[in-house]
Amino acid sequence: MRSLMQQPFRTAVLVLVWGWLLFLVLAPNLLVVGASVMTRDPASFISLPVTLDAYRQLLNPLYLDVFLHSLYMAAMTTLVCLLIGYPFAWSLSKVAKRHQVLLIFLLIVPFWTNSLVRTYALKLILATNGLLNNALLSMGLIDEPMQLLYTEGAVVIGLVYLLLPFMILPLYSVFDDLREDYLRASHDLGAGRFSTFIHVIVPLTLPGVLAGIMLVLLPAMGLFFVPDILGGSRNLLVGNVIKNQFLDARNWPFGAAASIMLTLAMAFLMFAHRLSKRRIGEEGV
Amino acid sequence: MSRFVQRPDEACAGLSEKTDSPLFDWVGFWKNRPLFLWAGPMKQTLLFLSNLTKEFDGKKVLDSLNLEILDGEFITLLGPSGCGKTTLLRMMAGFEHPDEGTIALGSRDLTHTPPEHRPLNTVFQHYALFPHMSVFDNVAYGLKMEKRPKEEIRQRVEEALAMVQLEDFSRRKPHQLSGGQQQRVAIARAVVKRPKVLLLDEPLSALDYKLRRTMQVELKRLQRELGITFVFVTHDQEEALSMSDRVVVLKDGLIQQLGTPREVYERPANLFTARFVGETNFFPGRVEQAHEEDTIIVDVFGLKRTFRKPDFPVTVGQSLHVLLRPEDIRVLAPGDDEGVAGKVVERNYKGSTLDSVIHLEDGTEVLASEFFDEDDPTFDYRLGEPVKVSWVDGWEWLLPTEPETPSEEAGTDA
Amino acid sequence: MSRWLPRTYLTLIYLLLYVPIVVLVVFSFNDSRTGYEWGGLSLRWYDALFNNRAMVQAMWNSLWLALSAATVSTLIGALTALALHRYRFRGKNVLNGMLFVVMMSPEIVLAISLLALFLLVGFQLGYVSLLLAHVTFCLPFVVITVMARLSGFDERLPEAARDLGANDFTMTRTVLIPVIMPALLAGWLLGFTLSLDDVVVSTFVSGPSYEILPLRIYSMVRVGLKPEVNALGTLLLVFSLVMLMLSQWILLRSKR
């Protein structure tokens, strides 16, 4: 097997993959970092001199508001996903093994369906004269249609709907690894249900929680099409800002700076995840 | 140490494999003869392993090892994990290459031949059956590589499967078979190519105890029927003793002893072999008198016992080890005039034997294993019961004391 | 109590997950123009869909893009996984890390960096830029899928093949590739779906010369309701279900 790939083959493979990653991952990202410290230029996107204006602009109250609002919606999305997903994954891990495969499959099926189309389906339900309002009206629970679409809530619902599986799957995997013995041992040593939960279950599932947060929080700031379809013009994500700067306003330095903020957030989350895994003695990613 | 009469000239059959002479090892040559006499008709050497040395990350796994494997024999490489037995086997198969030394099959040098061109086949530890192929295709694989005609392949595969009693399973996939059946497919896959040597890398280690016993018998039968040389790797000394024509005891890449199972068990070449193969009592002895032609008198626990003179030189006052297997120990009544006094501290009922641990007055622990006496079915000891320990002279085996570092001496008489 | 509570909870969440999909499918057969009321069974939206030449063209474009992106990323990804599994080389951890970062980074970060690259080197935005971008974000997923399979791969299998007389090439063809086939298939399928579903990256790196389906849907659903989207969504759902079943079937068959 060692000689399966003789040296020329090995070299070819390594050159191919390194070339790909250097040209299409590293170089573009360095470009973005470079662009973020340049001056805006409507004709050729960016120009000298080097400046930190773009980062200063991030602190402009107008944009700061947008970012904080985006962060708030992303945080709400993550929280809702966690609150739904944690008991969901726990329940799932308690179902008989042969049913679990099918249930996981059912969880993934929506994921295999176009996310734009699924977001659009939510619009059908949430619109002022949509299905939910109609149903509530006909049951007499409300007297007039509620404004559901184009609200902050609609954006959060849309994001939760798209991202829930990404919270559930890592949680399911930690619950699946959580051996029943640990819980029995904890009970055996005199811990009640609550202290077992706090002292045993939570620490052991923490890496799953953090992986879930990482997989939900970051896209929840970037999926610009969700507010476009469900949120109206007031509920924007960081992703919308970046997209506008690059495609409409032609302010590359500012868009690049915003994107670097997202990257830093990712780096922070990855670091936290690694730390939590190390704490329970698993190898970091 | 043996219950059977022992001819002194057999004792030198525990061989030295470490030859110092670069030209021809006359001493070693003559020492080899008695073994061949014992092994029956003279057998020719098939595989020559000479001076094999291998280091991994600066650690010597094999240290200028020499071994000649005879045509048609069942030879076992026995040793604890890390002793180099698997590396040696993988070298024969061609998966590892020696840093120094050569491997030759008859007159053909195989040292740098890739595995696919060696007329040796391997039965792997966890079988390594191709999971995506049926039993038939697994067994046929090697013949397809030889580009044999279809009809011949079909016929030979069927023969091979019949030989391991799996004719009816040829359409199944490996995961649909039990461990023992997978094991047999692995054997059929390797022998269908009619190799000169079959290499078996701990092939029974994944099976449970009962199945292991069955497969041991089956492997022996196959080896007799096929007449192929088997090189078998194991860390299980019981398995090694019960199956092999010859056993190679390895430690730290050095051969500790090479001999028949009986030689290895009854006349261990050194303390390592004695400890590794079976359980042994080591009694400290001191030579009292060594004037006689073939007997010496040794002081053991204050008893003066007359022993056959060992192969190593002895002088009066020298310390040595007196080795006795638990089944060679006699447990006597406390009133007996013979033996050393002690008391029973542990007893284990083993079905056919009663195993006990006896503490002698000086603190030495003695393991004893006694067969049940048909006349006395209730035969047993109380814990703390005072007894005396003895043995029949001539059943013991003497070894010189060794420094605790690994010895370079391989044989009793080197 | 302790048994039916989790079950009820699971059922409830599954219902919520599937309600929008059911609504979508049911309304794709709705004859009503407004889209909110039931106006009787009809296939008119499917009809409208297939009579829209631009839409059909976008479908074919998307399909072709997804096929090629999945194939290229499976090829490169499988080779990368083999290299990572087999070789020791300098910068192996860096390579691993880069793939992981690509997988975790928000799509929009990848999207603008690629846009910057393509524009600065004067690359024409179209099929090729889409392909390069799609392969890039599919790559880590393929690598991880194949690596997982390789880590469970019995190292003795290639040796057994060699032992029985196969040379390197024959061993690769008859043992290595068949054994990692399920992972290649799974990786390919994942890449195919990721590519077909992608909106974020495609928004940035596609040009007018090559319109793809998600972008077409995007421009349709941004304002108001377009009942054709229900029909299209239903078709896509059926398509991905068929693909999923097919892959499961192949995987099960390969196990047998």
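Being a predicted model, the structure only gives us computed values, none of them experimental. (Residues numbered from 1 in each chain as written. Chains lettered and ligands numbered in written order. Predicted model: local features only at pLDDT ≥ 70, side-chain atom pairs only at ≥ 80, totals over all residues. Heavy atoms only, no water.)

(A) Examining the interface of chain C and chain B more closely. Tallying the contact residues gives 21 residues for chain C and 23 residues for chain B. Roughly 1,900 Å² of surface becomes buried between chain C and chain B when both sides are summed, with 57% attributable to carbon and sulfur atoms. At the junction of chain C and chain B, the tally comes to two salt bridges. With a closest N to O distance of 2.7 Å, Arg90 of chain B and Glu159 of chain C form a salt bridge. (Contact = heavy atoms within 4.5 Å. Buried area = accessible area lost by both parts, 1.4 Å probe. Salt bridge = Lys/Arg side-chain N within 4 Å of Asp/Glu carboxyl O.)

(B) Seen up close, the pattern of salt bridges. All names here are of chain B. Counting across every chain of the model gives 28 salt bridges over all chains. Salt-bridge contacts for Arg246 lead to Glu73; the nearest nitrogen and oxygen are separated by 2.8 Å. Residue Arg246 is found in strand β9 (residues 246–251), and its partner Glu73 is found in the loop between β2 (59–70) and β3 (74–78); the two are separated by 173 residues along the sequence. Because the salt bridges share partners, they merge into one network encompassing Glu146, Arg148, Glu152, Arg156 and Lys193. (Helix = DSSP H or I, 4+ residues; strand = E, 2+ residues; numbered from the N terminus.)

(C) Geometry of the UniProt feature "transmembrane region" (unreviewed entry) in chain A. Residue and element names in this part refer to chain A. The feature "transmembrane region" (unreviewed entry), as annotated in UniProt, sits at residues 66–89, 101–121, 154–175, 196–226 and 252–272 in this numbering. Strand forms 0% of residues 101–121 and helix 71%; the C-alpha atoms that close the span are 27 Å apart. In residues 154–175, the share of helix is 100% and the share of strand is 0%. The end C-alpha atoms are 30 Å apart. (UniProt positions renumbered as here; feature names shortened; annotations may be inferred.)

(D) Region of interest: the interface of chain A and chain C. Each side of the interface is counted separately: chain A has 81 residues, and chain C has 87 residues. Buried area between chain A and chain C, summed over both chains or domains, comes out near 7,900 Å², and the portion from carbon and sulfur atoms is 80%. Between chain A and chain C we count zero salt bridges in total. Linking chain A to chain C there are eight residue pairs in polar contact (both at pLDDT 80 or more). For the side of chain A that touches chain C, the leading source of residues is helix α1 (residues 7–36) of chain A, giving 18 residues. Here the side of chain A that touches chain C is composed, by residue class, of 61 nonpolar, 15 polar and five charged. (Polar contact = N/O pair within 3.5 Å; in protein donor to acceptor, adjacent residues only side chain to side chain. Nonpolar A, V, L, I, M, F, W, Y, C, P; charged D, E, K, R; others polar.)

(E) The arrangement of the nonpolar core in detail. Formed by 216 residues in total, the largest nonpolar core has its most connected members in Phe225 of chain A together with Leu67 and Met92 of chain B. Ranked by residues supplied to this core, first place goes to helix α7 (residues 152–177) of chain A with 14 residues. Residues within four places of Met92 of chain B in sequence aside, it is in contact with Leu47, Leu49, Ile69, Leu77, Ile103, Arg118, Leu120, Leu199 and Val231 of chain B. Of all hydrophobic cores here, the second largest spans 36 residues; its members include Val123, Ala140, Leu166 and Leu200 of chain B. (Core = buried A, V, L, I, M, F, W, Y, C linked by side-chain atoms within 4.5 Å. Buried < 20%, exposed > 50% of the residue type's maximum accessible area, 1.4 Å probe, protein only.)

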